[in-house]
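Here's the letter readout for the chains.
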Amino acid sequence: MNTPTDTLRATAAADTGLRPRLIQRFITLCSRIPNSLPAFVARFSIAAVFWKSGQTKVQGLEIDIVNRDFTLGWPRLSDSVVDLFRDEYRLPLVPPEMAATLAAFAEHFFPVLILLGIATRLSALALLGMTMTIQLLVYPDAYPTHGTWAAVLLYLMVHGPGKLSLDHWIARRYRAS
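Quantities reported herein were computed from a predicted structural model and do not represent experimental measurements.

A. Local environment of the packing of aromatic side chains. This structure, assessed with the given rule, holds five aromatic pairs. Aromatic pair Phe-85 and Tyr-89: ring centres 4.7 Å apart, planes at 80°, arrangement edge-to-face. Here Phe-85 and its partner Tyr-89 are both found in helix α4 (residues 81-89), four residues apart, which amounts to about one turn of the helix. You can call Phe-85 buried: its relative accessible area is 6%. Tyr-89 sits in the buried class, given a relative accessible area of 15%. Summarising the aromatic geometry, the rings of Phe-109 and Phe-110 are spaced 5.2 Å apart at their centres and angled 70° between planes, so their arrangement reads as edge-to-face.

Structure representation (structure tokens):
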């Protein structure tokens, strides 16, 4: 009696032609992508997600390099953001005024650090904590989005920011001394 494993082995043994070679070449090609490329894309992408969210919470400062929107001024909380934290987000243990201020700060500060590649792992950890808070306490049905954010942030925590970062430059200078 043939089991599914026996059938799979027979198919694999018979298919020693073009398909396995193409797959192996593709895998080899993918393994040559330097970590710095996905790390930079991850840093830019996740920084943009949190920065744009932070921009919805403040007035007086608007920086969007993609859309070329710039308003430079002293940022302050948007008129409706405290109400949003009080009425919709309803975080336990933290007053809405404090939660709004902390969220607006975090969504601007940590993305800048991640984009520059400085204190990347710690910044990614901070944003992962924020992501988990949002997932568990605010929008539990948004797990596909939050799972994607978590995957990117975990990647940065595990692999670091790559060579195109201040973290790499600082580490290289520190080792040379």
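B. Expanded view of the pattern of salt bridges. Going through the model one piece at a time under the given rule, you end up with four salt bridges. The closest approach of N and O atoms between Asp-64 and Lys-52, which form a salt bridge, is 2.9 Å. Highlighted residues: Asp-64 in strand β2 (residues 62-64) and Lys-52 in helix α3 (residues 36-55), separated in sequence by 12 residues. Residue classification places Asp-64 among the buried residues on the basis of a relative accessible area of 13%.

C. Representation of the packing of α3 against helix α5 (residues 96-116) in the model. Closest axis-to-axis distance for the α3/α5 pair is 8 Å, and the angle between their directions is 160°. Accordingly, the angle class assigned to the pair α3 and α5 is roughly antiparallel. As for how α3 packs across α5, the hand of that crossing is left-handed. The residues of α5 that touch α3, namely those facing Arg-43, Phe-44, Ile-46, Ala-47, Phe-50, Trp-51, Ser-53, Gly-54 and Gln-55, are Glu-107, His-108, Pro-111, Val-112, Ile-114, Leu-115 and Leu-116. In the contact of α3 with α5, the residues fall into 10 nonpolar, four polar and two charged.

D. Region of the structure containing unusual backbone geometry. With phi around 60°, Arg-68 is a residue other than glycine that occupies positive phi space. Relative to the helices and strands, Arg-68 resides in the loop between β2 and β3 (69-71). A residue is classified by how much of its surface remains accessible, and Arg-68, at 69% relative accessible area, is exposed.

E. Layout of the environment of Arg-19. One can find Arg-19 in helix α2 (residues 18-31). When its relative accessible area of 53% is taken as the criterion, Arg-19 is described as exposed. For the pair Arg-19 and Met-157, spaced 138 residues apart in the sequence, the C-alpha separation amounts to 36 Å.

F. Spatial organisation of α4. Every buried residue of α4 is accounted for by Val-81, Val-82, Phe-85 and Tyr-89. One side of α4 holds all its buried residues, which, seen down the axis, span an arc of 120°. Where the residues of α4 are buried, they touch β4 (76-77), α5 and α6 (120-138). Phi turns positive, to about 45°, at Arg-90, one or two residues after α4.

G. Quick peek at the nonpolar core. Residues Ile-46, Phe-50, Phe-85, Ile-114, Leu-127, Met-130 and Leu-153 are the most contacted members of the largest nonpolar core, which totals 24 residues. If you list the elements that add at least two residues to this core, you get α3, α4, α5, α6 and α7 (143-159). Take this core: its biggest share by element is seven residues, from α5. Those residues in contact with Phe-85 that sit more than four places away from it in its chain are Lys-57, Arg-90, Leu-91, Pro-96, Ala-99, Ala-100 and Ala-103.

Parameters at a glance
- Residues numbered from 1 in each chain as written.
- Predicted model: local features only at pLDDT ≥ 70, side-chain atom pairs only at ≥ 80, totals over all residues.
- Heavy atoms only, no water.
- Phe/Tyr/Trp six-rings, centres within 6.5 Å; stacked < 30°, edge-to-face > 60°.
- Helix = DSSP H or I, 4+ residues; strand = E, 2+ residues; numbered from the N terminus.
- Buried < 20%, exposed > 50% of the residue type's maximum accessible area, 1.4 Å probe, protein only.
- Salt bridge = Lys/Arg side-chain N within 4 Å of Asp/Glu carboxyl O.
- Axes fitted to C-alpha atoms, helices over the stretch in contact; angles between N-to-C directions.
- Parallel < 35°, antiparallel > 145°, perpendicular 65-115°, else oblique.
- Left-handed = near helix turned anticlockwise from the far one by under 90°.
- Contact = heavy atoms within 4.5 Å.
- Nonpolar A, V, L, I, M, F, W, Y, C, P; charged D, E, K, R; others polar.
- Arc of directions from axis to C-beta.
- Core = buried A, V, L, I, M, F, W, Y, C linked by side-chain atoms within 4.5 Å.

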